[in-house]
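Geometric and topological summary
Here is what each chain is made of, one letter per residue.
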Amino acid sequence: MTSAAFGAADIRVLGPMELRGSDGNLVVLPPKPATLLVVLLLNLDLGMSNDQLKEHLWDEEVREDDTLYGYIKDVRAALRTLDPRAQLLRSRGLLMLRLPNAEVLDVRRFTQRLKTAEGADTPEDGLAAVEAAIGEFRGEPWTALKVGKKLGAKRTGLVNQWIQACDRHARLLIELGLHDQAIAALDEYQARWFNEKRFDVLRAEAIASAAAQRKLSTPTRQSGTDTDRPTHSASLSVFNLDRIDFGGMAFHDEVVGKEEHPHGLTPTILDGLPGLAAVAPGFTGREDDLERLLAALDPNCATDGGGVVISALGGMAGVGKTALAVAAAHAVRKKGWYAAVLFMNLRGYDTDPVTAEQALPIFLRALGVDPVHFPPTLEEQASLYRSRLAKLAGEKGAPLLVIADNVSLASQVRPLLPGMGEHRLLITSRDRLHTLGAIQLDVAVLDPHAAVELLRSLLTRAAPADGRDSDAAGLECIARRCGCLPLALQICAALLVRSPHLSLARLAEKLTDSTNRLEHLNDGERAVRSAFDLSYARLAPKCAQVFLLLGIAPGHDIATAAVAVLTDMDTESVAEVLDELAAAYLISNDPESDRWGMHDLVADYARWRAVKAAQGDHKVAEAQRMAVVRVLDYYTRVAKAADRHLRETSGENMLDEFTGRNAALAWLDTEHATLLAAVRTARDINHNSTAIDLPLYLAECLDLRRYLDDQITVTMIARQVAQQIGNARDQALAWNILGNALRHSRRFDEAIEAHEHACTIHQKVGDRRGEAQALNNRGIALRHQRHFDEAVRIFRDALALFRKIKDRRGEAEALNNLGIALREQRHLGGAVKTLKQALVLFKEIGDRRNEAIASNSLGTALGLVGKFDEAIEAHEHACTIHQEVGDRRGEAMAWNSLGKVFLRMERFDEATGAHKRALVIHCEIGNGHGEAMAWNGLGIALSKIGRLAEAVAAFGSAIEIFARIDDERLRANAEKNLANTRAKWASDS
């Protein structure tokens, strides 16, 4: 396969990694960046966090993000050479690779051709497609790259697909009578990598079939005369595939969905599946699930002890368990693994489920047993059922697969176990049926890409000329609002087809409001709410009560300790209930973090149920409110303790919720989104103490992590609530915190106004410390606006106030800010003296974070007076402390400052390294101003060592960011640096 067929580039990983650009030249990457590129290629269009990427690269070994960013840079450079249109994007902390044409990747071509082969109408078409797929495989995937467990599993999976493709290739050759070619191919496959038993068997079959063909008197074989392979009984009825009713939708092919059987209807046996090219319209995104399921169903795999292998597909209502089971039934029949597939819907979640006593006679009739011969007891019927399966397997020369759909109880299916041998039992259930000892395969919702493809394909099939299927943004929005749940997506497709004038945007708008979203997910025949009703109806009363409280709790997920508070239960008891809800697939659990979450639509359902239960019942309504208040008070209390740890000074007696600062910060990071939701919930239910106090306790963490938008949002809530209830002191505190967040967002005028409000209120209530803090913060905002004289005056006023009330921390902060302002005025001697005083004070009171800030400020001043060694020591000291306390922004600023000192000392290589480290961190935390400063410093360093092209690019990046954040002064400075570098470049040329 040549790259010309696919455009500008050719990316091959099925064998030794080979990257070729449009010019045909090879692009070479070092091993680790090459491994990173493989990870991104295997997850095209899917965002991956740094932790996920590092897990693929190093397994459990912890590595710094800096190392990862270096590899990302190498990958970016390689992609620019391969195809400039390729995009390596970072959004919300996730890295995503997008290719303009995914067909340049051999893995994508390989899997697509396998799909084509599976759906081929004729053996000839299937043969051509499978040969094309096999041709993409040049050897073990990404040969020579050392990979961890994650990529190793992917490699094994692809190799298994290749083996299955080879198996299918040989079978098709035999089927077409091309025995010599089949034998030659099988010899090649065995000699290549693997000593596969299946190839021995197939080779013997090909030789025997060829011999039989030569003995025939005519070249045309008559039906039923092939003695080399077992035939399938024509008396067995063909499985009539389930259908999805889309309420008037016109489909052009067979549609696989869900059928409701009356109890008296006999199940059917999948025998030949004639004429079915595809499993289901839009069936997509289940490749990995299907691969795992087929591995469990493979009768060639030995079982421990020779017992019956039971596989259980579990998942929430509407996730597509039945569709996956049907797809597996098609696949195993095409592979020739089973003589027949026996399927039955046990309707375990209906009001009148099928029992084992009802199911067994139906299965026996399907297996050809006359009802007059049915034994009287369930045990005897089960024994007869197993013996009939064994007899049929002996006649056909292959085992049978039994599928029990919609099982709710182990007792429904235990008598249906097919007996010893290579038979398999596959069940689908909304519950984890632990007592069966099944191989549990959980089915999750589709990934976003597959969800969009399902919606698009259903819409395209039903209305080919519609045009709405080309609205990618609209499809993505609907898929997101449906939580990528297949049932919800199918309903949306039905609604769109039923209403040709309904735009995707309008439907997405209807699904925006979580309070009534479930009302819209109803096409008249199916409803998401009805599907959830069946699961909810089976809950025990205590489980149902906890489920409803989880629906009204703030946030998308919750820790076990918080659930205990919410429900007023002890931790052990509530954990048992949570496990029950998880076993019913109504909630999910992350064991590592001990947190529980719900799918968005399940959460909507739980809230709806809770509201419905409280309507007209004052006791229920009050109990629900008290539960929410309990958990809000819990979050506020623990956040207060965490905040004290973040602000801790030496000798201070801390509360005992946390072992130290790192533990407190870890809790705040984990609960970040939930705590923000708690503030909004407190405001909505008028729980004023949490609405005011929680944002104030979160201020230090939000500032440290630079969650500025979040800080502005929750602090405004605190200010508004405090104002409404006449709490002047907390209103002033909120104004002051809001001003800081606005300043960090470079909204300086708004910040100054906020601090003025704070100062005025503090003066009115006689809060001298609050007044001094507001003055100090106002001075910082003025300094950023370069109003240095006014800033120096205000800092001195704040310093006097702090000293008057004997607030040493405030005094140190005012000294640090005064020293920076004096430095900007170029009063360098006074600046150094003042900053040294601040540093001493911070050390004495044990304020490590502010000690680092003061040390960095002092280092800059020392550099300006030529005391370079002392400056370097101060900046390095700042870096170390910022790393210890987890202040990544402070660490980045210290690296940038250190780079400037190295520039003045003409140690340009070290300056380059320091600015790069600053750049990496600023990019990671999204600090645009810091990123631009680092780019500018890096450009200067690069220009000094003659790397002019890179310097030009760096200055260009700095200019772009300074323009975006409206910093005209620094933009002009960067443009001047760019012009000088270009002039030097021109003169050198």
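Values in this document were obtained by computation on a predicted structure and should not be read as measured data. (Residues numbered from 1 in each chain as written. Predicted model: local features only at pLDDT ≥ 70, side-chain atom pairs only at ≥ 80, totals over all residues. Heavy atoms only, no water.)

**A short note on the pattern of salt bridges**
Should their charged atoms come close, side chains of opposite charge can pair. Put simply, the rule is: Here, a salt bridge means any Lys or Arg side-chain nitrogen found within 4 Å of an Asp or Glu carboxyl oxygen. Each helix is a run of DSSP H or I of at least 4 residues and each strand a run of E of at least 2, with the numbering of both proceeding from the N terminus.
Taken as a whole and judged by the stated rule, the model has 46 salt bridges. Between Arg 292 and Asp 289 there is a salt bridge, with its nearest N and O atoms 2.9 Å apart. You can see Arg 292 and its partner Asp 289 sitting in helix 9 (residues 287-297), three residues apart, about one turn around the helix. Arg 778 is the partner of Glu 756 in a salt bridge, and the nearest nitrogen-oxygen pair spans 3.4 Å. Linking Glu 756 in helix 30 (residues 748-765) with Arg 778 in helix 31 (residues 768-784), this pair joins segments that are 22 residues apart in sequence. One network of salt bridges, in which partners are shared, links Asp 10, Arg 12, Arg 109, Arg 113 and Glu 136.

**Some words on the nonpolar core**
What counts is decided by this rule: Put simply, a nonpolar core is a bunch of buried Ala, Val, Leu, Ile, Met, Phe, Trp, Tyr and Cys residues held in one set by side-chain atoms that sit within 4.5 Å of each other. Note on classification: 1.4 Å probe, protein chains only; a residue is buried when its accessible area is under 20% of the maximum for its type, exposed when over 50%, partly exposed between these limits. Here, two residues are considered to be in contact whenever any of their heavy atoms come within 4.5 Å of each other.
Ile 478, Val 528, Phe 547, Leu 550 and Leu 581 are the most contacted members of the largest nonpolar core, which has 132 residues in total. What Phe 547 contacts, discounting residues up to four positions off in sequence, is Tyr 536, Leu 539, Leu 581, Leu 586, Met 598, Val 602, Tyr 605 and Ala 606. Counting 80 residues, the second-largest nonpolar core is a separate cluster that includes Phe 802, Leu 898, Ala 932 and Leu 942.

**Side note on the sheet that holds strand 11 (residues 557-559)**
The following threshold applies: Pairing between strands is defined by DSSP: at least two bridges between the two strands are required. Axis lines are fitted to C-alpha atoms, over the contacting stretch for helices. Their N-to-C directions set the angle, which ranges from 0 to 180 degrees.
Pairing is antiparallel in the open sheet, where three strands are placed in the order 11-13-12. The outermost strands of the open sheet, each flanked by one partner alone, are strand 11 and strand 12 (588-590). Within this sheet the neighbouring strands show an average axis-to-axis angle of 30°, counted without direction.

**Quick word on the UniProt feature "repeat: TPR" (unreviewed entry) in the chain**
Defined as follows: UniProt positions are given in the numbering used here, feature names are shortened, and annotations may be inferred rather than shown by experiment.
According to UniProt, the "repeat: TPR" (unreviewed entry) feature falls on residues 772-805. As annotated, residues 772-805 comprises 88% helix and 0% strand, and the C-alpha atoms at either end are separated by 10 Å.

**Remarks on a positive patch on the surface**
This is how it is decided: Like charges are joined within 9 Å and nonpolar side chains (Val, Leu, Ile, Met, Phe, Trp, Tyr) within 5 Å, but only among residues with over 30% relative accessible area and no salt bridge; these make up the patches. We get accessible surface area from the Shrake-Rupley algorithm with a probe of 1.4 Å; when it comes to residues, only the shown protein chains can shield them. Positive charges are assigned to Lys and Arg, negative charges to Asp and Glu, while His and the chain termini are left out of the count. Where a charge lies is defined by one atom per residue type, namely NZ (Lys), CZ (Arg), CG (Asp) and CD (Glu).
A cluster of basic residues, Arg 786, Arg 826, Lys 900, Arg 904 and Arg 969, forms a positive patch at the surface. In this fold, Arg 904 is placed in helix 37 (residues 888-904). Taking the relative accessible area as the measure of exposure, Arg 904 reaches 40% and is therefore partly exposed.

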